[in-house]
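Here's the letter readout for the chains.
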Amino acid sequence: MMISRRGFLKMGLMGAAGLALPLGTLLIPLSRLATSKSIRSPSVEPFAVPLPIPPILKPLRTATGTDYYEMTQRAGRQEILPGLKTEVWGYDGIFPGPTVEARSGTQVAIRQWNELPVPVSTHLHGGKSPPKSDGYPTDLILPKGHERGPSGHAGRGGSAGEHSHYFKDYHYPNEQRGATLWYHDHRMDFSGPQVYRGLAGLYLLRDEVEDGLPLPRGEKEVPLVIADRTFNEDGSLYYPSLDPSLKEEPGTLAPAINGMFGDTILVNGAPWPYLEVSNTLYRFRILNSSNARYYDLALDPPPPGDKSFVQVGSDGGLLEEPVAHDRILASPAERFDVVVDFSRYRVGQEVTLKNLEGEGLTMDVMRFVVVRHEKEESTVPERLAPALAFPDPDEAEATRRFQFIAGGAWGGMSTINFRVFDPERVDARPRLGSTEIWDFHSDQDHPIHLHLVHFKVISRNGGRPARWDVGLKDTVLMRAGDDVRIAAHFSGHRGKYVFHCHNLEHEDMMMMTNFEVI
Ligand code: C2O
Ligand code: CU
Ligand code: CU
């Protein structure tokens, strides 16, 4: 089914007016439905390219408690598939963008230049940022030369939001515990295609607690930014935008309306790479930066008689104690900080990181090759971080309920409590310093993300949270029919923030709303 632009717009408006409520009744994983059958990426030999590591960004200067950085968002050409060049839109022209290394308690200021032909908004995901620096979807940095963006630039947000010209300075107080954060584009209506083109990078916030732990470090602390993409024959990225210039009409062709699923798995921007390791502990900072794909990560072969992964951190930083897993289920935007002990394999052995939820090529993610013996210098202590001072959920001041319904089946908008995103409407007003219980219900796969706050998952489908729900979260994985209850503590800043589905096609199809901390 293909929907004409007119038809698409009309359905969108109907959705917005609440006349046509999308009935999301799909009960099978979206990845089975949405893969484009006609476009297939050039084939790549798996496990043939080494894992690249994104460069660490250097501050321009450091002054009284603040590190100053600059990044330029621009097009770049990158060899992603061997022998082909791909145009990416990246921070400093690369995908993933450079990694920012920040310290808890030291501010970071980043001047973001926009040399792309479209507006951008840069969000630090997991950051407790003041509203002005949070990358609100309509707070745009207009491209160079656009004194006033054409209406299409503000998209369905109309003229809402604060526009900057050519550059914007973002301020991150970093008054929060160490954690694996990431930054990415958040332009209203176009986050899906803009992140897909490459606008995403890591922001590692470190602190003294982490410094004091004997976890693997240096070359043995490895970021793994996992993303799926589909490529055209000439190596260019394939994304089925209704308007590939990303200037006027938002949205995708029907097959991607519930998420763009690529057929090629990239880790740190390389297809199915390999990493040579010694037979020791390694720490992996895993980020699922995919637009829509969930990964069920496992090691093949699994270590004999033992769990594959020891999780030491989640979205919100270090866990109090490590949690062992055979598999890790990661929905888009979630981070898992895990340690793998390669001494359980013999030197010479190859260990594949699998995605048990994939099919065919997408069942593989990358490979580790144990190439040498080395003396072990790290351990995973039984105690990682001091107990969290998280308020007792029984003292919650309010309970709210949100239903997430995908619109894809009807080609319409995706909704929260049957309403589409309106930058002007606020659906919750938690008090600064309060704790609230939020109940989520999901008709399909929806990774739900709150800006500003970290939360705890307190129940899943009426029972205990899942093993991978552990720790402080800013994004929670939901499956079709899931009921998830979270306790969120609203602290740090007053102001208006969004929460939304992090399936970026759902987000662009308006499965987003505002809360305002008062
Ligand atoms: Cu990672 Cu509102 O985003
Ligand atoms: Cu966020
Ligand atoms: Cu969703």
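Our structure is the block above this text.
Thresholds, definitions, all that
Residues numbered from 1 in each chain as written. Chains lettered and ligands numbered in written order. Predicted model: local features only at pLDDT ≥ 70, side-chain atom pairs only at ≥ 80, totals over all residues. Heavy atoms only, no water. Donors = N, O, S within 2.8 Å, 3.2 Å for Na, K, Ca; no water. Helix = DSSP H or I, 4+ residues; strand = E, 2+ residues; numbered from the N terminus. Buried < 20%, exposed > 50% of the residue type's maximum accessible area, 1.4 Å probe, protein only. Core = buried A, V, L, I, M, F, W, Y, C linked by side-chain atoms within 4.5 Å. Contact = heavy atoms within 4.5 Å. Pairing = 2+ DSSP bridges.

Engineer: Just to check I follow, could you spell out the coordination of the copper ion (ligand 3) for this structure?
Structural biologist: Octahedral metals with six donors have ideal donor angles of 90 or 180 degrees. Tetrahedral metals with four donors have an ideal donor angle of 109.5 degrees. Coordination of the copper ion (ligand 3) by the protein involves His446 (ND1), Cys501 (SG) and His506 (ND1), with metal-donor separations of 2.0 to 2.1 Å. Mapped onto the sequence, the donors of the copper ion (ligand 3) take the spacing H-x54-C-x4-H. In this pair, His446 sits in the loop between β28 (435–442) and β29 (448–450) while Cys501 sits in strand β33 (residues 495–501), placing the two residues 55 residues apart along the sequence. Neither His446 nor Cys501 differs from the other in exposure class; each is buried.

Engineer: Looking at this model, I keep getting lost on the coordination of the copper ion (ligand 2). Mind explaining?
Structural biologist: Protein coordination at the copper ion (ligand 2): the donors are His123 (NE2) and His449 (NE2), at 1.8 to 1.9 Å from the metal. Here His123 is found in strand β6 (residues 122–125), whereas its partner His449 is found in strand β29, with 326 residues between them in sequence. Classification of His123 as buried rests on a relative accessible area of 1%. Residue classification places His449 among the buried positions, given a relative accessible area of 0%.

Engineer: I tried to follow the nonpolar core on my own but got confused; where do I start?
Structural biologist: In a soluble, globular protein the nonpolar side chains are often hidden away together inside. Ranked by size, the top nonpolar core spans 49 residues in total, and within it Leu224, Phe284, Leu297, Phe342, Val365, Met366 and Phe368 carry the most contacts. The element contributing the most residues to this core is strand β12 (residues 221–231), with five residues. Those residues in contact with Val365, other than ones at most four positions away along the chain, are Ile226, Ile265, Val267, Trp272, Pro273, Tyr295, Leu297, Leu353, Lys354 and Asn355.

Engineer: Hey, could you run me through the sheet that holds strand β25 (residues 398–405) in this one?
Structural biologist: Backbone hydrogen bonds hold the strands of a sheet together, and the pairing may be parallel or antiparallel. On the basis of which strands lie adjacent, the open sheet formed by five strands has the order β26-β25-β28-β32-β30 and mixed pairing. Both outer strands of the open sheet, β26 (415–416) and β30 (455–460), are each paired with one neighbouring strand and no more. With five bridges joining them, β30 and strand β32 (residues 483–489) adopt antiparallel strand pairing. Bridge pairing in β32 links Phe455 to Ala488.

Engineer: What should I look at first to understand the pairing of β25 in this one?
Structural biologist: The side chains of a regular strand alternate between both faces of the sheet. Pairing of β25 with β28, which is carried by seven bridges, proceeds in the parallel orientation. Residue pairing across strands places Arg400 opposite Trp438, the latter belonging to β28. In the sheet, β25 pairs with β26 via two bridges, with the strands oriented antiparallel. Its bridge partner lying in β26, Ile405 is registered against Thr415.

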